[in-house]
Amino acid sequence: MLSLPLSAPAGDPLSLLAIGAHPDDIEIGAGGLLLGLAESRLRTRYVVLTGTEERRQEARNAAHSFMPGADLIIEFFDLRAGRLPGVWGSVKEILEGVARSCSPDIIIAPSSADAHQDHRTIAEIVPTVFRDQLYLAYEIPKWDGDIGRPSMYVPLPAHVMQLKVELLVKCFPSQRERDWWDDEVFLGLARLRGMECRARYAEAFTCSKSVIVPTALARGNALDEDLPRTAPAG
Ligand SMILES: [Zn+2]
């Protein structure tokens, strides 16, 4: 199994942008990956586009619980849950604003194959705003049965997966009554993804764009000097 160090250039903290349509999306989709990055120096921009005040507080707690020690910037926006396709321009403007003020190494965000219209709208816009990042699209189990064929797996030790489930239950009490919200759903999907990559548990992602640089070519600023940077547009 190949290990990608996921190290930022020149000893900088690893810069992560996590985007969710709803409070809990990020943790359900990528909580194990976040826990796995806990030992990295992490600078995270955490962006959620909808949510009531109660759910935002849950998300705030979750961000700190899943990324203890990270340098965290948490932002919530007031868009209406379930209606993001109708405010496509607002979603684009929000993400453009985020892109103007940060240049993440890694983006975790929903997948364009996601059946939920809010998730899918974000996934449609992310690659038009961020051009040269590693974009890992997470998956979220749901009634629609849209579990797909991922292209990247992050194997998770059993204790990390158990911690993910414990934190989901602890951090999002408002969701516990939902009939799909239980340990078996989260563990079952992770076990299936683990089987697919010959691990006990895993989170799976669709890597819709990967930009990787062999170490020798990343030394100095040679790549930056070759191409003047302009603001992303699209
Ligand atoms: Zn969601």
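The rules behind the values
Residues numbered from 1 in each chain as written. Predicted model: local features only at pLDDT ≥ 70, side-chain atom pairs only at ≥ 80, totals over all residues. Heavy atoms only, no water. Helix = DSSP H or I, 4+ residues; strand = E, 2+ residues; numbered from the N terminus. Rg over C-alpha atoms; globule rule 2.2 N^0.38 Å. Contact = heavy atoms within 4.5 Å. Lys, Arg positive; Asp, Glu negative; His and termini not counted. Charge placed at Lys NZ, Arg CZ, Asp CG, Glu CD. Donors = N, O, S within 2.8 Å, 3.2 Å for Na, K, Ca; no water. Tetrahedral: all angles 85-135°; square planar, octahedral: opposite > 155°, others 65-115°. Buried < 20%, exposed > 50% of the residue type's maximum accessible area, 1.4 Å probe, protein only. Pairing = 2+ DSSP bridges. Axes fitted to C-alpha atoms, helices over the stretch in contact; angles between N-to-C directions. Polar contact = N/O pair within 3.5 Å; in protein donor to acceptor, adjacent residues only side chain to side chain. Expected span 1.5 Å × (residues − 1). Arc of directions from axis to C-beta. Core = buried A, V, L, I, M, F, W, Y, C linked by side-chain atoms within 4.5 Å.

**Student:** I would appreciate a short explanation of the overall build of the protein in the present structure.
**Tutor:** Along its length, the protein carries eight helices and seven strands. In terms of overall size, the protein behaves like a compact globule, its C-alpha atoms giving a radius of gyration of 17 Å where 234 residues would be expected to give roughly 17 Å. With respect to the three principal axes, the spread of C-alpha positions in the protein is 55 × 40 × 35 Å. The long-range share in the protein, meaning contacts at least 24 apart out of those at least 6 apart in sequence, stands at 79%. Taken together, the 25 basic and 32 acidic charged side chains of the protein have centroids lying 2 Å from each other.

**Student:** Would you take a moment to explain the coordination of the zinc ion for this structure?
**Tutor:** Reference values for angles at a metal are 109.5 degrees in the four-donor tetrahedral case and 90 or 180 degrees in the six-donor octahedral case. For the zinc ion, the full set of protein donor atoms is His-22 (ND1), Asp-25 (OD), Asp-25 (OD) and His-119 (NE2), and the range of their distances to it is 2.1 to 2.6 Å. The coordination sphere of the zinc ion comprises four donor atoms, whose angles at the metal cover 54 to 119 degrees; the geometry is irregular. If you list the donors of the zinc ion from N- to C-terminus, the spacing comes out as H-x2-D-x93-H. On the criterion of sequence distance, the pair formed by Asp-25 in helix α1 (residues 25-36) and His-119 in helix α4 (residues 117-129) is long-range, its members being 94 residues apart. A relative accessible area of 3% places His-119 in the buried class.

**Student:** Would you mind going over unusual backbone geometry with me for this structure?
**Tutor:** Trans peptide bonds make up the majority, and among non-glycine residues the majority have a negative phi. Residues other than glycine seldom take positive phi values, yet Asp-24 does so here, at roughly 100 degrees. Its location among the elements puts Asp-24 in the loop between β1 (14-20) and α1. Looking at Asp-24, the relative accessible area reads 5%, which means it is buried.

**Student:** For this particular structure, what's the right way to read the sheet that holds strand β2 (residues 42-50)?
**Tutor:** Think of a sheet as strands paired side by side through backbone hydrogen bonds, with each pair either parallel or antiparallel. Pairing in this open sheet of seven strands is mixed, and the strands run β3-β2-β1-β4-β5-β7-β6 from one edge to the other. Pairing within the sheet leaves two strands with one partner each, and these edge strands are β3 (71-79) and β6 (152-156). Each strand axis lies, on average, 25 degrees off the axis of its neighbour in the sheet, ignoring direction. With seven bridges connecting them, β1 and β2 associate as parallel partners. Across the sheet, the residue bridging to Leu-14 is Leu-42, located in β2. Against the sheet, helix α2 (residues 53-66) engages β2 and β3, with an angle of about 160 degrees to β3.

**Student:** So what exactly am I meant to see when it comes to the side chain of Arg-56 here?
**Tutor:** If you trace the backbone, Arg-56 turns up in helix α2. We classify Arg-56 as buried; its relative accessible area is 11%. At a separation of 3.0 Å, a polar atom in the side chain of Arg-56 contacts the main-chain carbonyl oxygen of Gly-51.

**Student:** Which parts of the structure should I look at to understand helix α5 (residues 158-171)?
**Tutor:** Each α-helix turn comprises 3.6 residues. Residues three or four places apart therefore point the same way. Relative to the 20 Å expected for 14 residues at 1.5 Å per residue, α5 spans 20 Å between its end C-alpha atoms, a close match to the ideal helical length. Every buried residue belonging to α5 is among Val-160, Met-161, Lys-164, Val-165, Leu-167, Leu-168 and Cys-171, and all of these are buried. The buried residues of α5 all sit within an arc of 165 degrees when viewed along its axis, so they share a single face. In α5, the exposed positions that point more than 90 degrees away from the buried face belong to His-159 and Lys-170. Residues of α5 that are buried sit in contact with α1, α2, β6, α6 (183-196) and β7 (201-209).

**Student:** Where do I start with the nonpolar core in this structure?
**Tutor:** What tends to happen in soluble globular proteins is that the nonpolar side chains get buried as a cluster. Judged by nonpolar contacts, the single largest core of 45 residues is most densely connected at Met-67 and Ile-108. Each residue touching Met-67, except ones within four places of it in the same chain, is listed here: Leu-16, Leu-34, Leu-42, Thr-44, Tyr-46 and Leu-72. Of all hydrophobic cores here, the second largest spans 23 residues; its members include Val-47, Ile-94, Val-126 and Phe-130.

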